[in-house]
Structure formats: structure tokens, C-alpha cells
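# Structure assessment
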Amino acid sequence: MESFAYSKAANLQQALDLLKSTEGAQVVAGGSDLLSLLKNEVLTPEALVDIKGLADLNYIKDEGGVLRIGATTTLTALGNDAAVRERFPIIAQTIPLIASPQIRNQATVAGNLCQRPRCWYFRSELYDCFRKGGPTCFAITGRNSEHAIFGGAGCFIVHASDLAPVLIALNAEIALQGPSGKRVLPLEEFFVLPRMNPHAENLLQPGELVVEIRIPAPAADAKGIFVKTRLRGSWDFAATSVAMVAQVQNGTFQDVRVCLGAVAPAPWRSKEAEAALKGQAVTADVAAAAAKAAVRYARPMSENGYKIRQIQAIIKRAALALAK
Amino acid sequence: MADEEKDQEQEGVSRRNFVVAGLLAGGALATGLSSLPLLAMAETPRQSEGVIWPDPSLCIGCLMCEQACSEWHEAEGLSPLPRIRIFRTETGTVNPQVAGFSGGISFQQSPCKQCAGPDCYPVCPADALKLDAKTGARYIDEKVCTGCGKCETACPYPITGILQATLEETKMKRIWYDKERNVYTKCDLCRGRDEGPACVQRCPVNVEIRAGRVKSDHLCLDLKPSTPNAMKEIL
Ligand SMILES: Cc1cc2nc3c(=O)[nH]c(=O)nc-3n(C[C@H](O)[C@H](O)[C@H](O)COP(=O)(O)OP(=O)(O)OC[C@H]3O[C@@H](n4cnc5c(N)ncnc54)[C@H](O)[C@@H]3O)c2cc1C
Ligand code: SF4
């Protein structure tokens, strides 16, 4: 590992100041993702600014029905929170499916959303791949069983976060703070596809921090579900996942948001599946039609065609579970 | 090469320059001839030496060409829009050697055909359409382009279908608009790039062909000498 300067921020303002004043500084929170990239020398920042201990970003608050989650809240704390369990059971259901208990104790909500790709070429210091500024993507004609079936353009990573599709299905917003002030945007717009920027997964600017996630109050009749497939039985990243939040009245989906995970370089909102489900009394046929619509424009690679079948299976499963 | 030197070496010929140059040269060579043929000659610019020659059956829709194009032009201070776009055709023929890379889905590339008699060239009221001094490639000088769009209207080669980058039904020509910069842009064969066009160099199928793992006597995106009929032969 290359050496780096380390500073621990005492509060949010100090973290922002340190990031502004330290050339080449990178934020570290739980470190569960970043440290392996430092150890493999995939990233070699000159300085780390540690925000893990920031009490002013560690909270879960209910404000007028809007749930506000501070960036350094751990995944464990999020999953155990009484208000989350009662009002957003889909989040409580998702947390145990993320990594292992030890990692969840360490990992923060913002770290989960900003985690870097798991692509094996990206994670290896031996490959100067396109995302890292190199000439080509080794996955295109190489090993790609865990890569994207949607949204690839020169780079075919998948976004590995399980929390991101769930929060997008819940219509969450993200608050960022940096040298040019504070901005709040729909979480869905925070993530970027390679055609917009092949070297970053989100809109974060240098010196900018994720400070908060805001989830609006769901409709009274809203129900949500997260379904994830893995390549092994034990804890693992998703091979595919779907988060679905629907307003269901007498078995009919009045409104629905569907966000797919681990199939594209960003969480992939499936407007096609939503259109096929909305206004429908969801039967097995309707669910199958929605699943089929969702994969209409999938582009499989040489080893990941199985994702097209898996994602259809879990879209069907999710829709039928919510329709019950 | 110093920037200034590069600029001089590559400074293209605009329509107005070309007319004047044509008249002077013609005047010197053909004293006594009426000016009519000279004008006609002036309006037909020299053939581009090269053209990006695509083979849709080898395209796997990975969009590395779009990315490489965009990256290089942006680094040159030009519009970052890719000058080549990939359409999803689905009904086309796919070379079995590359079918696995894209699940058998077919695509079509849409670079500029560097026409022998380019309709875009004479219509530009700002003389932003120029010929590269070295290759003859038709290009738009973004410093001069006023964004009026006459070149795009004049381009006779529309292409319609699902654009792979956005998955949206799209209708475009070989010249397109960058609304951020208010300029039009088209393939310029990466003028001044030492390694040649970025798309040809970085296409992963080309890498496989050059390595002999995919057998083909031509590339997926090939820089070939242009011919007077190239625009009819290229899709
Ligand atoms: C073995 C293993 C299994 C895993 N399995 C899963 C899984 O099944 N599902 C899943 O979703 N995830 C999984 N993960 C990923 C895990 O959830 C992330 O590593 C974790 O959430 C990252 O949080 P962190 O606080 O440790 O982030 P760090 O490692 O500290 O940081 C990660 C990135 O986020 C940036 N960052 C962190 N906080 C901020 C902030 N506030 N503002 C701006 N940037 C910030 C950092 O600069 C860095 O780039 C797994 C990880 C491991 C190691
Ligand atoms: S998928 Fe992206 S991260 Fe992986 S090798 Fe290709 S360019 Fe690099």
C-alpha cells in the first residue's frame, strides 16, 4: 500500500475544509470498500479524510413524515431503527441481505451508495482498464459473467449496491455538500452511466460529501419488496436484484416503481416494467409480461445471459408477492 | 509538435478559400479558358483520402468507438459528442465469430461517409465546413460554426432506429448538434491524431481481428481509402 496523509475530521465543517485544503484527498468512512482498493494500489490518494466518527452525520430522524438518514449511519443502525422497521419494512428486509454482520457494523449508508465497482479488472492493479483511464475494457471480450446487461458503453460494470435500488424505488433524495454549497437531487439522478462519465459512478464533485438521504412519506397503501439473487448461498453481492414499491388497492397496482440492481452500471429504473404493471390487477400473466418488457433491450455479454432469465424471474416474484 | 505548428500544418480549406485557391491556380494554368469550368471545379472539393468503413456484421454494440471518439475530441477542446453513433438493428446479420459478445444482437454504425461531392460543404454560410489539409476529411471548424444547422439539413444520409446509448427511437443524420456548445459536429477522421482515428484503434473487435482471434480480412471499423462510390457502398 502506498503511504498517505491521514486526518480525522471532528465535524462536518472540518471535513469539508480538510477536503478543500488537501490536494488529492479522498473521503473514508467505514473503509470496508476503500481499504481494499488502497491495498491493491488501484487507488493511491495522497491523503485520506476520515468522516466515520462524525456525530453530526450519524442520525435517523423522522421530520414531518420525511425520514432523514445521516451519511455516516451504519447499515446495522439503519436496519435496527424502530421507525425504519415500522415505516419502511423494505429497508429492514434488505439490510440483512447486504454483506455480513461484521461488514454492516462498519459500513455506512453513504459508503454503500458510493462504493466502487466490483469488476475484477477494475479491482486488480494489473489491468489499466477504461474506467481507470486506460485504453480499453477487458470485460467486453474477456470474463464478464458478473457484468452489465443494460447501459454499458465502453465500460460494463454493474452498480453493486443493494440499498440504492431500494432507496430509488422509495423515491429518495440525496443531499450533497461541498465547496459550492449544498444541493439536493433525486437519488436516481445521482448515479451516472458510462456514456455520461465512464470514470465515475455518480455526480460527486471533488471535495463534495454525501450528507443525507431523505425518504418521503410513502402512501398509506404502499408496499415494497426487495428480491436478490446471488451466485452462492452464503452472503454475496447481488447477481441481480429488484426493488419494487407499489400502491396496491384490491389487488390492482395504482402506482409502482421498479428499480433493478446489479444489471447496469447504475441502478436501473425499469419504466417498461412499471408501465406493464401500472393500473393492472397483477396476475401471473401480467407479472410475466412486465418481466418480459423489462428485458426488451437487454444486451447480454458472452457469459452473463443468465442475468436476463434471473431478473425476469425475480420481477415476477416481486410483483406477485406485492399483489397478494 | 507545437500547437501553432500543428494548426498551420492542419489548417483546413474552407469553401471560400477553396474557390479562391481554385480560381488562382486555374487562372495560372489555364489562361484563356472561360471561368465557368474553374467555378465548377471550385465547387467540387477534392475527395477525402480516407473514410471510416464499417462492417455492421462485426459490430457488437459495446460503444467503445463512441467513447473513444468522445474522449479524444473532448481532450482536443472540441465538442465531446461522439461523431459515430451505434444503432440497434436486431434484424441484421451477425458474424458468428462475434455473436457471443453481444448475445447475437445486431447493430449498425453511422459515421460520416466523407462524400465525394459533400452536400454539407457548400451550404455552410459561415464557411465552417472545411477540408483537412492533409487527408481531405470534411470537418466542421467549431470555432467558426454558428450552429445554424444547414449542413445537417443538407446531409442526404438519415439514419433512424434505436440508439444503443439511450435505447430511444432516434432520427439523425451524419452531422449532429451539440446544444451545450451550439455547434454542429461530424466525423473528422480524428484530424491530427498520430495513431489515426480513435474508433478504429480502440474497437475491441478490431483488437480481436488484429490478434487473429477473429478471422477477417477487414476490420469492424476500418480506415480505408475513400472511393467516389464510397457513400453508396457504406450503410
Ligand atoms: C466482502 C464484502 C461483501 C459485500 N457485500 C455487499 C452486498 O451484498 N451488498 C451491498 O450493497 N454491498 C456489499 N458490500 C459493499 C459494502 O456495503 C460497502 O463496502 C460499504 O457499504 C461501504 O461503506 P463504507 O462506509 O465502509 O465506505 P468506504 O469504504 O469508507 O468508502 C467507500 C467509497 O465511498 C466514498 N464515501 C464514503 N462516504 C462518503 C460520503 N459521505 N460522501 C462522499 N463519499 C463517500 C469513499 O470515498 C469511497 O470511495 C460488500 C463489501 C464487502 C467487503
Ligand atoms: S467493465 Fe469497466 S471497470 Fe471492468 S474492465 Fe471494463 S472498463 Fe474496466
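All of the points below concern the structure found in this document. Quick caveat, the model's predicted, so the values are computed rather than measured.

Another point: the site of ligand 1. Residues and elements named next belong to chain A. Taken together, 32 residues lie around ligand 1, and Val27, Ala29, Gly31, Ser32 and Thr108 are the ones closest in. Contacts to ligand 1 include threonine 108, whose side-chain N or O atom sits 2.6 Å from an oxygen atom. Counting residues per element, the ones that place at least two in the shell around ligand 1 are β2 (25–28), α7 (109–114) and β8 (209–215). Its residues assigned to classes, the shell around ligand 1 shows 19 nonpolar, nine polar and four charged.

Relative to the helices and strands, lysine 307 of chain A is located in helix α13 (residues 306–323). Although lysine 307 of chain A is buried, it makes no salt bridge; glutamate 146 of chain A carries the closest opposite charge, 6.8 Å away.

Take the site of ligand 2 next. Taken together, the neighbourhood of ligand 2 is formed by Cys119, Tyr121, Phe122, Cys129, Phe130, Arg131, Cys137, Phe138, His147, Cys155, Phe156 and Ile157 of chain A. Residues that form the shell around ligand 2 fall into these classes: 10 nonpolar, one polar and one charged.

This paragraph deals with the sheet that holds strand β6 (residues 173–178) of chain A. What links the strands of a sheet is backbone hydrogen bonding, and the strands pair in either a parallel or an antiparallel sense. Residues and elements named next belong to chain A. Reading across the sheet, the five strands line up as β4-β5-β8-β6-β7 and stay open at both edges, with antiparallel pairing between neighbours. Here the strands that pair on one side only, and so sit at the sheet edges, are β4 (60–63) and β7 (181–186). This sheet shows a mean twist of 25° between the axes of neighbouring strands, independent of strand direction. For β6 and β7, the ladder comprises six bridges, and the chain directions are antiparallel. By the bridge assignment, glycine 178 is partnered in β7 with glycine 181.

Our focus in this paragraph is helix α1 (residues 12–21) of chain A. Residues and elements named next belong to chain A. Among the residues of α1, Leu12, Ala15, Leu16 and Leu19 are the ones counted as buried. Viewed along the axis of α1, the buried residues span an arc of 95°, placing them on a single side of the element. Its side-chain oxygen placed 3.3 Å from the backbone nitrogen of glutamine 13, asparagine 11 serves as the N-cap of α1.

So, on to the environment of leucine 320 of chain A. All names here are of chain A. Structurally, leucine 320 can be placed in helix α13. On the accessibility criterion, leucine 320 (33% relative accessible area) is partly exposed. Sequence separation between leucine 320 and glycine 70 is 250 residues, and the spatial gap between their C-alpha atoms is 33 Å. Those residues in contact with leucine 320 that sit more than four places away from it in its chain are Val282, Thr283, Ala284 and Ala287.

Listed as interface residues are 23 residues of chain A and, on the opposing side, 23 residues of chain B. The junction of chain A with chain B conceals about 1800 Å² of combined surface from both sides, 56% of it contributed by carbon and sulfur atoms. The largest share of the area that chain A buries against chain B comes from Thr141, Tyr297 and Arg299 of chain A, three residues that together contribute 35% of it. Between chain A and chain B we count one salt bridge in total. For arginine 296 of chain A, the salt bridge goes to glutamate 90 of chain B, with nearest N and O atoms at 3.3 Å. The tally of links between chain A and chain B comes to 14 residue pairs in polar contact (both at pLDDT 80 or more). Its residues assigned to classes, the side of chain A that touches chain B comprises 13 nonpolar, seven polar and three charged.

Residue and element names in this part refer to chain A. For the largest pocket, the calculated volume is near 1300 Å³. Around the largest pocket sit 50 residues that line it, and Gln26, Asp33, Cys114, Gln115 and Arg116 are the ones nearest its centre. Broken down by secondary-structure element, the contributors of at least two residues to the lining of the largest pocket are α1, β2, α2 (34–39), α7 and β8. When the residues that make up the lining of the largest pocket are grouped by side-chain class, the tally is 24 nonpolar, 16 polar and 10 charged.

Ile91, Ile215, Met244, Phe253 and Leu277 of chain A are the most contacted members of the largest nonpolar core, which totals 87 residues. Sequence-distant contacts of isoleucine 215 of chain A, defined by excluding residues within four places in its chain, comprise Gly65, Val66, Leu67, Ile69, Phe88, Ile91, Leu167, Leu170 and Ala172 of chain A.

Bringing the environment of asparagine 58 of chain A into the picture now. Residue and element names in this part refer to chain A. Among the structural elements, asparagine 58 can be located in the loop between β3 (47–50) and β4. C-alpha of asparagine 58 to C-alpha of alanine 77: the two residues are 19 residues apart in sequence and 9.5 Å apart in space. Every residue in contact with asparagine 58, bar those within four places of it in the chain, is listed here: Thr72 and Thr73.

It is worth spelling out the pairing of strand β7 (residues 159–163) of chain B at this point. Looking along a regular strand, one sees the side chains alternate between the two faces of the sheet. Residue and element names in this part refer to chain B. Counting buried residues in β7 gives four out of five residues, a clear majority hidden from the surface. Bridging between strand β3 (residues 86–88) and β7 involves two bridges; their strand directions are antiparallel. The partner of phenylalanine 87 across the bridge, within β7, is leucine 163. Summarising the sheet, β7 and strand β8 (residues 168–172) pair through five bridges and their orientation is antiparallel.

Residue and element names in this part refer to chain A. Counted under the stated rule, the structure contains 27 salt bridges over all chains. Glutamate 63 serves as the salt-bridge partner of arginine 68, at 2.7 Å between the closest nitrogen and oxygen. The salt bridge involving arginine 214 is made with glutamate 212; its shortest N-O contact spans 2.6 Å. Judged on exposure class, the residue arginine 214 and its partner glutamate 212 are both buried.

The three strands are arranged β1-β5-β6 (chain B) in an open sheet whose pairing can be described as antiparallel. A single partner strand is all that each edge strand has here, and the edge strands are β1 (13–14) and β6 (138–140) of chain B.

Residue and element names in this part refer to chain B. Per the stated rule, a full pass over the model turns up zero disulfides over all chains. Cysteine cysteine 65 remains unbridged, with the sulfur of cysteine 59 as its closest cysteine sulfur at 6.3 Å. For cysteine 187, which is in no disulfide, the shortest distance to another cysteine sulfur is to cysteine 112 and amounts to 5.9 Å. Given the relative accessible area of 9%, cysteine 187 is considered buried.

Definitions and limits used
- Residues numbered from 1 in each chain as written.
- Chains lettered and ligands numbered in written order.
- Predicted model: local features only at pLDDT ≥ 70, side-chain atom pairs only at ≥ 80, totals over all residues.
- Heavy atoms only, no water.
- Near = heavy atom within 4 Å.
- Polar contact = N/O pair within 3.5 Å; in protein donor to acceptor, adjacent residues only side chain to side chain.
- Helix = DSSP H or I, 4+ residues; strand = E, 2+ residues; numbered from the N terminus.
- Nonpolar A, V, L, I, M, F, W, Y, C, P; charged D, E, K, R; others polar.
- Buried < 20%, exposed > 50% of the residue type's maximum accessible area, 1.4 Å probe, protein only.
- Lys, Arg positive; Asp, Glu negative; His and termini not counted.
- Salt bridge = Lys/Arg side-chain N within 4 Å of Asp/Glu carboxyl O.
- Pairing = 2+ DSSP bridges.
- Axes fitted to C-alpha atoms, helices over the stretch in contact; angles between N-to-C directions.
- Arc of directions from axis to C-beta.
- Contact = heavy atoms within 4.5 Å.
- Buried area = accessible area lost by both parts, 1.4 Å probe.
- 1 Å grid on protein atoms, 1.4 Å probe; cavity = no way out; pocket = protein on both sides within 12 Å on 5 of 7 lines; lining within 4 Å.
- Points joined across faces, edges and corners; volume = space filled by probe spheres on them.
- Core = buried A, V, L, I, M, F, W, Y, C linked by side-chain atoms within 4.5 Å.
- Disulfide = S-S within 2.5 Å.

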